[in-house]
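Residue strings, one per chain:
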Amino acid sequence: MASNPIPLMAAPRRGHYDAIIVGARCAGAATAMLLARAGLEVLAIDRKPYGSDTLSTHALMRPAVLQLWRWGLLEPLLEAGTPLVETTTFHYGEEEITIPLVSGSDLPGLIAPRRTVLDRILVDAARKAGAEILHEMAVSDLFADTHGRVRGIEIRAAGRAALRVSADIVIGADGIGSLVAKCVDAQLLRRGAVSAAHVYGYAPVEPGEGYHWYFRDGIAGSFIPTNDGLACIVASVPTGLFDQRFRLGHARARMDVLEALSPALAAQAARAPKDARLQAFRGVLGYIRQAHGPGWALVGDAGFFRDPITSHGISDALRDAESLARAILGGSDAAFAVWQQHRDLIANQILDITDAVAGFDWTLDDIGERHRRFSAVLKAEVQALAGQPMPARRAAKSKPATYRAPANQDKPPADLSRNRTGARP
Ligand SMILES: Cc1cc2nc3c(=O)[nH]c(=O)nc-3n(C[C@H](O)[C@H](O)[C@H](O)COP(=O)(O)OP(=O)(O)OC[C@H]3O[C@@H](n4cnc5c(N)ncnc54)[C@H](O)[C@@H]3O)c2cc1C
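Calculation rules
Residues numbered from 1 in each chain as written. Predicted model: local features only at pLDDT ≥ 70, side-chain atom pairs only at ≥ 80, totals over all residues. Helix = DSSP H or I, 4+ residues; strand = E, 2+ residues; numbered from the N terminus. Expected span 1.5 Å × (residues − 1). Buried ≥ 20, exposed ≤ 12 C-beta atoms within 10 Å, placed from the backbone. Contact = placed C-beta atoms within 7 Å. pLDDT = per-residue confidence, 0-100. Near = placed C-beta within 6 Å. Nonpolar A, V, L, I, M, F, W, Y, C, P; charged D, E, K, R; others polar. Pairing = 2+ DSSP bridges. Axes fitted to C-alpha atoms, helices over the stretch in contact; angles between N-to-C directions.

**Overview of helix α4 (residues 115-128)**
- Its 14 residues place the ends of α4 19 Å apart at the C-alpha level, agreeing with the 20 Å of an ideal helix rising 1.5 Å per residue.
- Taken together, the buried positions of α4 are occupied by V117, L118, D119, I121, L122, V123, A125 and A126.
- Residues of α4 that are buried make contact with α1 (26-37), β2 (42-46), α3 (74-79) and β5 (132-135).
- Once α4 ends, the next one or two residues include G130, with phi positive near 110°.

And the structure:
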């Protein structure tokens, strides 16, 4: 009797790429798209399925929306049913300040696409540009040459020998627990001072709602309209309070926080089906890591993490994807140095202001001032982004200007050694 064929694990089509990216969500898929659009051979690998969700709310700030618009992806996101957000309201205790988001701008408003939608559209755009993207496959290690320069990745599957694939550059877009950062022992440049916990779920909402951000002493919350007629409703507290109050059950503790912030917000959350799942993030201290080294780079949360309370992680991931693509296409050590310098400048500002909000050491009298500081950073970021050229395309038939090693390391030695950094995941 014929047995069922064993499904074959998808395998990379080539043995060598200009760039291999570990992780294919907002940082990885965006980097893959930009490099592929510029003519590079790109492979991106993600251990999660195509179009899957992840632990993240998804309110996009203006820099992210601007990037998506510049890349031609705002329209597909709107066509996928992502509602336009045209106002943002800050609730400081009983005080409400509503700000229109549309006047005097090229952008029609903001959006908060579910990650199942945003990450899928980025992956589709990367594939359309020619990038190869493999899902449900984990990168297990990196390998390096005898000079310690990273030369490629290893993929292991049960019962098979490890598969090695080489690249001019390996990019870690693999999030907070980055394997690439561990393998290369990326230096920690800065550690943030505080962390906050965020517990969220989805509830049905009327169309036309804006963003709402709620603050009362020691607690915060948000209301984020998204796809499928739902809003993401978040309760945010210092990690210490989460450990005390949420230990015995997320649902009751979240509802208590929402009620304390605003009974209307709690009533919205109560419209969710009784069995709706909640997601909880206990909090992680922010960090900024060294962004590149011989044969490797980090982008997105792999290189820089700030608490979600300022909803800026996806903006950071998209901005750094574009500037990393520019550095790779520039191809010189100087281009990488400039990239890291710019990334550090903005990352330090974002981390400062995010910690100032996520520390919950403000009062209702001074939180507005912290938001105004954040808004000024966003404004400067948007201005800088709007003035940037798109990462250059390769001229027809010319050799891609990929990242070049110092002269004595240009060609991989035949005998590739194991990762000489000695660091293991
Ligand atoms: C609770 C919470 C709420 C948030 N809310 C917002 C918000 O409202 N707005 C906002 O802008 N940002 C928000 N953020 C931040 C945002 O989620 C991150 O900044 C963003 O996801 C970073 O994208 P990334 O592509 O760098 O990493 P990730 O989205 O973490 O993707 C990394 C990918 O790498 C894959 N991977 C990891 N290791 C391997 C491996 N060895 N092999 C193969 N694949 C691997 C993972 O499977 C994953 O899919 C929030 C974060 C959290 C935790």
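**What about the confidence of the model for the protein chain?**
- For the protein chain, the average pLDDT comes to 90, and 89% of its residues sit at 70 or higher.
- Throughout residues 1-7 the model reports pLDDT below 50, and contacts reaching past four residues in sequence, or to other chains, amount to 0 contacts.
- Low pLDDT (under 50) marks residues 396-425, which in the prediction has 58 contacts with non-local residues, meaning those over four places away or in another chain.

**Notes on the site of the ligand**
- In the region of the ligand, 35 residues are neighbours, and G23, S56, G175, G300 and G313 sit closest.
- For the shell around the ligand, the elements supplying multiple residues, two or more each, are α1, β2 and α9 (313-330).
- The leading source of residues in the shell around the ligand is α9, at 4 residues.
- For the shell around the ligand, the class distribution of residues is 16 nonpolar, 13 polar and 6 charged.

**Describing unusual backbone geometry**
- Even without a glycine there, the phi angle at D228 is positive, about 60°.
- Summarising the element assignment, D228 is placed in the loop between β12 (219-225) and β13 (230-238).
- Of note in the backbone geometry, S311 takes a positive phi value of approximately 50° without being a glycine.
- Mapping S311 onto the fold places it in the loop between β18 (304-305) and α9.

**With respect to the pairing of strand β11 (residues 211-216)**
- Burial runs high along β11: 5 of the 6 residues are buried.
- The sheet contact formed by strand β3 (residues 87-92) and β11 spans 5 bridges and is parallel. Counted as the bridge partner of F90 is W213 from β11.
- When β11 meets β12, the two strands line up antiparallel, connected through 5 bridges. Of the residues in β12, the one forming a bridge with W213 is S222.
- Here β11 hands over to β12 after 2 residues, with G218 in that stretch at a positive phi of 80°.

**Side note on the pairing of strand β4 (residues 95-100)**
- The buried count for β4 comes to 0 of 6 residues, which makes it a mostly uncovered element.
- Taken together, the 6 bridges between β3 and β4 define a ladder with antiparallel strand orientation. Note that in β4 the partner of T89 across the bridge is T98.
- Connecting the antiparallel pair β3 and β4 is a turn made up of 2 residues, with G93 showing a positive phi of about 60°.

**Observations regarding the sheet that holds β13**
- Pairing in this open sheet of 7 strands is mixed, and the strands run β4-β3-β11-β12-β13-β10-β14 from one edge to the other. Edge positions in the sheet fall to β4 and β14 (279-281), since each has one partner strand and no second. Ignoring which end each strand starts from, the neighbouring axes of this sheet average 15° apart.

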